[in-house]
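What the coordinates show
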Protein chains: 2
Amino acid sequence: MSDPSERAPFFYIPIETAFMTHAATVLAMHSEMHTLFPNRPERWNWLDTEGDVENTIATRGADVDVLLSASIEKLDKSTLAKFPNLKMVASVSAGFSNIDLDECRSRGIAVTNAPGMNSGDVADLAVALMTSLLLRIPQTQDYIMTDQWVGAAPPLRHSIRNMPVGIVGLGSIGKEVLARLTPFGVDVRWWGPRPKPEIETPYVASLEDLADQCRGLVICCRPDDTTRHLINDRILDRLGADGVLVNVSRGSVVDEDALIEALKSNRIGGAALDVFDPEPTNSARWADVPNVILTPHQGGATFETLFSQAQLAQSNVENFIDGKPLLSSVL
Amino acid sequence: MSDPSERAPFFYIPIETAFMTHAATVLAMHSEMHTLFPNRPERWNWLDTEGDVENTIATRGADVDVLLSASIEKLDKSTLAKFPNLKMVASVSAGFSNIDLDECRSRGIAVTNAPGMNSGDVADLAVALMTSLLLRIPQTQDYIMTDQWVGAAPPLRHSIRNMPVGIVGLGSIGKEVLARLTPFGVDVRWWGPRPKPEIETPYVASLEDLADQCRGLVICCRPDDTTRHLINDRILDRLGADGVLVNVSRGSVVDEDALIEALKSNRIGGAALDVFDPEPTNSARWADVPNVILTPHQGGATFETLFSQAQLAQSNVENFIDGKPLLSSVL
């Protein structure tokens with residue numbers, strides 16, 4: 001996931017002969033994508049799904065050269081088999097855990113993503129959620145709405161200044177979270193699979209220790225096999241009854257059943273989730289769960305980010321058609 | 001409201017003879033204050049209220065030399081008349097709009113407050129609330145809990161980066177709000193009764209213009225006669241259907257009836273209130289009001305701030321007894 005501006009000078013090799021001599025046939029896995037990419041018949045042609053992507057795959061799958069994808073549909077081996085002539089998957093998302101990369105590699109299918117563009121947007125939400133939880137906003141709103149505020153003075157709270165808050169995964173999102181949390185004066189620490197000597201924020205040697213030390217954890221690590229249920233019963237118990245959890249990564253990183261149980265039994269103090277396992281989540285699952293803030297995968301889902309990501313995906317498709325180097329290739 | 005560390009070198013005049021030759025009799029208007037101030041019989045003696053301040057005032061009012069007060073009780077002329085020998089009101093709060101200063105002046109009663117100590121705490125809450133509103137967290141939680149999230153992808157939102165946000169009153173709290181909002185990349189502007197040439201953040205010439213320009217307003221001006229119902233129907237209409245309001249000043253600054261009406265008719269997009277008119281507010285008043293976040297006057301109400309304020313109030317009382325200059329005098 002190199003920065004394209006870094007890669008281009010080193011890898012750009014002009015190629016006179018285009019990789020594909022005919023206009024590419026492109027299938028958008030989401031019809032909304034048609035508003036983001038202009039049709040350019042001399043370069044590519046959209047497959048018109050008439051609103052039914054599944055049927056189009058069944059009847060025209062063999063025609064598809066390029067799939068425009070997002071991170072929300074599973075492109076596993078059996079799905080990819082429906083596209084026997086597929087040459088490229090261009091994703092508008094940063095994540096690619098939905099794509100069977102081994103299968104793409106063995107079939108010679110190029111895969112591009114659109115990394116790092118929504119980090120600020122995701123961090124905005126993460127910090128709004130973390131400060132809201134540290135300030136116990138769900139609890140205090142409930143205090144008013146259940147008529148507990150009867151005296152002139154409400155109960156005192158603690159300042160969030162100097163509260164230890166842990167960032168799990170200090171990648172591009174984690175760094176943006178750090179920048180936004182800093183002026184609140186909270187005491188930020190972090191953990192990730194590798195220490196980063198260039199980062200001044202204290203690194204804690206294990207997630208267990210981070211959970212022990214911190215009042216809040218912000219989960220912004222990469223979702224993959226190594227981070228599935230990274231946040232489990234054991235970590236939640238270390239976070240403790242005063243501790244709060246924010247997840248803006250993927251639902252799979254948190255053992256959601258364990259979290260719900262910990263919230264219901266007040267073994268942790270609160271949670272704010274933008275991502276769920278599965279999505280969409282069911283309201284009934286949360287009806288009796290106290291001290292939660294729930295948002296429907298809003299972190300990176302901004303018009304502004306998607307326009308940038310679509311622009312990059314389009315450039316990747318154009319470069320692929322022209323036989324030029326890809327700007328953000330996964331494979 | 002000078003900073004005590006700035007004033008002391010200029011105004012400190014050692015006085016050999018103490019102003020009061022006997023130990024002062026001190027009445028705490030809130031029994032919780034007894035945990036913050038040690039009794040020091042050689043300097044002052046608490047009046048033991050046995051949990052009934054009203055009765056103590058009725059029976060022992062004439063004995064009181066010093067009142068320890070907060071901003072929540074009204075010290076008007078008739079209340080002050082119950083203390084015919086009162087010499088000092090020491091408030092643990094920054095605000096003093098609850099005290100009849102004319103009456104204190106005419107009776108020669110000294111008044112001290114504890115300014116500027118909770119600005120960071122108030123700003124923490126203000127920014128958590130503003131970012132939550134800009135991110136439409138009440139609406140999106142409702143979206144989940146009313147089973148509107150049925151497709152895999154939720155609707156896109158707008159990035160808050162570059163959204164114009166206005167601060168109403170750039171005093172000590174407003175400046176702390178500015179510091180916390182800056183890394184979110186929102187486009188901060190401000191209005192107050194006087195431009196401040198030393199501030200780089202754009203000054204907007206009128207509150208009307210600020211409301212026209214901004215997606216969100218954070219109210220952190222001083223509550224006094226000039227700011228009563230500063231936020232009224234007219235300003236709310238200029239803020240508009242996409243606009244959101246945060247109030248961490250005092251309830252009186254906002255015309256609460258007008259605000260509720262504007263929220264119910266979706267003429268504004270959301271509001272987050274930490275302060276109400278009157279307090280405590282009634283849950284029934286908010287039951288049918290959409291897109292609100294409500295907290296029970298939690299802004300400055302932290303243990304950490306109160307300990308600092310109590311320390312300053314105690315120093316003021318000691319200095320007053322010793323005839324030394326007051327560290328933060330209002331009168």
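Quick caveat: nothing in here was measured; it's all calculated off a predicted structure.

**Some points on the interface of chain B and chain A**
Across the contact, 54 residues belong to chain B and 54 residues belong to chain A. On the chain B side of the interface with chain A, the three residues burying the most area are W149, L156 and R157 of chain B, jointly 14% of the side's total. Our enumeration of links across chain B and chain A arrives at 2 salt bridges. With a shortest N-O distance of 3.7 Å, D121 of chain A and R161 of chain B are connected by a salt bridge. The interface formed by chain B and chain A holds 23 residue pairs in polar contact (both at pLDDT 80 or more) in total. Considering every element that reaches the side of chain B that touches chain A, the biggest residue donor is helix 5 (residues 119-134) of chain B, with 8 residues.

**Side note on the packing of aromatic side chains**
As enumerated under the stated definition, the model contains 8 aromatic pairs over all chains in all. Measuring from centroid to centroid gives 5.7 Å for W149 of chain A and F276 of chain B, while their planes differ by 70 degrees, and the two rings are edge-to-face. Of the two residues, W149 of chain A sits in the loop between helix 6 (137-145) and strand 6 (164-168) while F276 of chain B sits in the loop between strand 10 (270-273) and helix 11 (283-286), which places them in two different chains. Here the aromatic residues W149 of chain A together with F276 and W286 of chain B are joined through ring pairs into a cluster of three or more. The cationic tip of R40 of chain B hangs over the ring face of W44 of chain B; the distance from NZ or CZ to the ring centre is 5.9 Å.

**A short note on the relation of the copies chain B and chain A**
Of the two same-sequence chains, chain B is brought onto chain A (RMSD 0.1 Å, axial shift 0.0 Å) by a rotation of 180 degrees. Both copies of the chain, as the preceding transformation shows, are related through a two-fold rotation axis. Judged by C-alpha distance, A128 of chain B is the residue of chain B that lies nearest the rotation axis, at 2.7 Å.

**Brief notes about the packing of helix 5 (residues 119-134) of chain A against helix 7 (residues 172-181) of chain A**
Think of two packed helices as two axes; the pair is described by the angle between the axes and how far apart they sit. Residues and elements named next belong to chain A. At a closest axis distance of 8 Å, the pairing of helix 5 and helix 7 adopts a crossing angle of 50 degrees. Taken together, the axis directions place helix 5 and helix 7 in an arrangement best described as oblique. Crossing geometry of helix 5 relative to helix 7 is assigned as right-handed. Side by side, helix 5 and helix 7 meet where S119, G120, V122, A123, D124, A126, V127 and T131 of the first sit next to S172, I173, E176, V177, R180 and L181 of the second. Residues that form the contact of helix 5 with helix 7 fall into these classes: 7 nonpolar, 4 polar and 3 charged.

**A few points about the pattern of salt bridges**
In this structure the tally under the stated criterion is 32 salt bridges over all chains. Among the ionic pairs, K87 of chain B bridges to D65 of chain B, the shortest N-O distance being 2.8 Å. Separated by 22 residues along the polypeptide, K87 of chain B in the loop between helix 3 (77-80) and strand 4 (88-91) and D65 of chain B in the loop between helix 2 (53-60) and strand 3 (66-69) bring together distant segments of the chain. Judged by its relative accessible area of 26%, K87 of chain B is partly exposed. Using a relative accessible area of 5% as the deciding quantity, one classes D65 of chain B as buried. Three or more residues are tied together by salt bridges with common partners; here these are R40, E42 and E318 of chain A.

**Quick notes on the domain arrangement of chain A**
Residues and elements named next belong to chain A. Domain boundaries in chain A define domain 1 (15-117 + 302-322) and domain 2 (119-294). Taking only C-alpha atoms into account, the centre of domain 1 sits 35 Å from that of domain 2. In this complex, domain 1 contributes 8 residues to the contact, which on the side of domain 2 involves 6 residues. When domain 1 packs against domain 2, the two sides together hide about 420 Å² of surface, and 36% of this comes from carbon and sulfur. The largest contributions to the domain 1 side of the interface with domain 2 come from S97, G116 and T302, which together make up 50% of the buried area. Across the contact surface, domain 1 and domain 2 share 0 salt bridges. In this structure, the connection of domain 1 to domain 2 is made through 3 residue pairs in polar contact (both at pLDDT 80 or more). Residue classes in the side of domain 1 that touches domain 2 are distributed as 2 nonpolar, 6 polar and no charged.

What counts as what
Residues numbered from 1 in each chain as written. Chains lettered and ligands numbered in written order. Predicted model: local features only at pLDDT ≥ 70, side-chain atom pairs only at ≥ 80, totals over all residues. Heavy atoms only, no water. Contact = heavy atoms within 4.5 Å. Buried area = accessible area lost by both parts, 1.4 Å probe. Salt bridge = Lys/Arg side-chain N within 4 Å of Asp/Glu carboxyl O. Polar contact = N/O pair within 3.5 Å; in protein donor to acceptor, adjacent residues only side chain to side chain. Helix = DSSP H or I, 4+ residues; strand = E, 2+ residues; numbered from the N terminus. Phe/Tyr/Trp six-rings, centres within 6.5 Å; stacked < 30°, edge-to-face > 60°. Lys NZ or Arg CZ within 6 Å of the ring centre and 35° of its normal. Least-squares fit on C-alpha atoms with pLDDT ≥ 70 in both. Axes fitted to C-alpha atoms, helices over the stretch in contact; angles between N-to-C directions. Parallel < 35°, antiparallel > 145°, perpendicular 65-115°, else oblique. Left-handed = near helix turned anticlockwise from the far one by under 90°. Nonpolar A, V, L, I, M, F, W, Y, C, P; charged D, E, K, R; others polar. Buried < 20%, exposed > 50% of the residue type's maximum accessible area, 1.4 Å probe, protein only. Domains from an automatic or database assignment.

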